[in-house]
Amino acid sequence: LSLPDALPILDAGPDQTICEGTGVTISGSGAVSFIWDNGVTDGVAFIPATTTTYTVTGTDVNGCQNTDQVIVTVNVADTSVTQSGNTLSANATSAAYQWIDCSNNQPIAGETSQNFTPTTTGSYSVQVTQSGCTDTSGCYNITIVSIGENAFGSQLKVYPNPAPGEFTIEIQLPEMQEV
């Protein structure tokens, strides 16, 4: 009487969570050779695009095979932004925000709210930290339209100021005297 060869006790390793664009290495153990699906090579780093379950087939010295799986979860920080007039709003929820001046790629001191209304014309982005991952949006151009104080006193009125696009100008001309 001969007993069948036992299947190898294969282990694909622990499930992993990474940020989008981050490399990960998965390796099998419990066999002598390993073949992964989805184009993965055992023990070689790769960058997964989305959350995926990877299956490895391991073969032992007797030619017996077994499989195991590992899930690689890819977290993505939502860097989408909505613009309404001169106000930029990060769409990510349950996140931390840092608004950035794109002209020098520097954070703007104190601007850590989900919404940002710049006071000067420029290009702005937001750095979002969400689910342990940090990413930065594209830059959004904001043009501030306003008119400085007038030198005509009460004879010239411009409103509203600042204006989102349209404004009204009223001029009170002095009365003309006939000669």
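This text follows the structure it describes.
The rules behind each value
- Residues numbered from 1 in each chain as written.
- Predicted model: local features only at pLDDT ≥ 70, side-chain atom pairs only at ≥ 80, totals over all residues.
- Heavy atoms only, no water.
- Disulfide = S-S within 2.5 Å.
- Helix = DSSP H or I, 4+ residues; strand = E, 2+ residues; numbered from the N terminus.
- Buried < 20%, exposed > 50% of the residue type's maximum accessible area, 1.4 Å probe, protein only.

Things to note about the state of the cysteines
Going through the model one piece at a time under the given rule, you end up with two disulfides. Between the sulfur atoms of C19 and its disulfide partner C133 the distance amounts to 2.1 Å. Because the sign of the S-S torsion sets the handedness, a value of about -95° for the bond joining C19 and C133 places this disulfide among the left-handed ones. Taken together, the residues C19 in strand β1 (residues 16–19) and C133 in strand β11 (residues 133–136) connect sequence positions 114 residues apart. For C133, a relative accessible area of 3% gives the class buried. Here C102 is linked by a disulfide to C139, with a sulfur-sulfur distance of 2.1 Å. Because the torsion about its S-S bond is -100°, the bridge between C102 and C139 counts as left-handed. Residue C102 is found in the loop between β7 (96–101) and β8 (106–107), and its partner C139 is found in the loop between β11 and β12 (140–142); the two are separated by 37 residues along the sequence. Residue classification places C139 among the partly exposed positions, given a relative accessible area of 48%. Disulfides within the protein link the bonded cysteines, taken in sequence order, as 1-3, 2-4.

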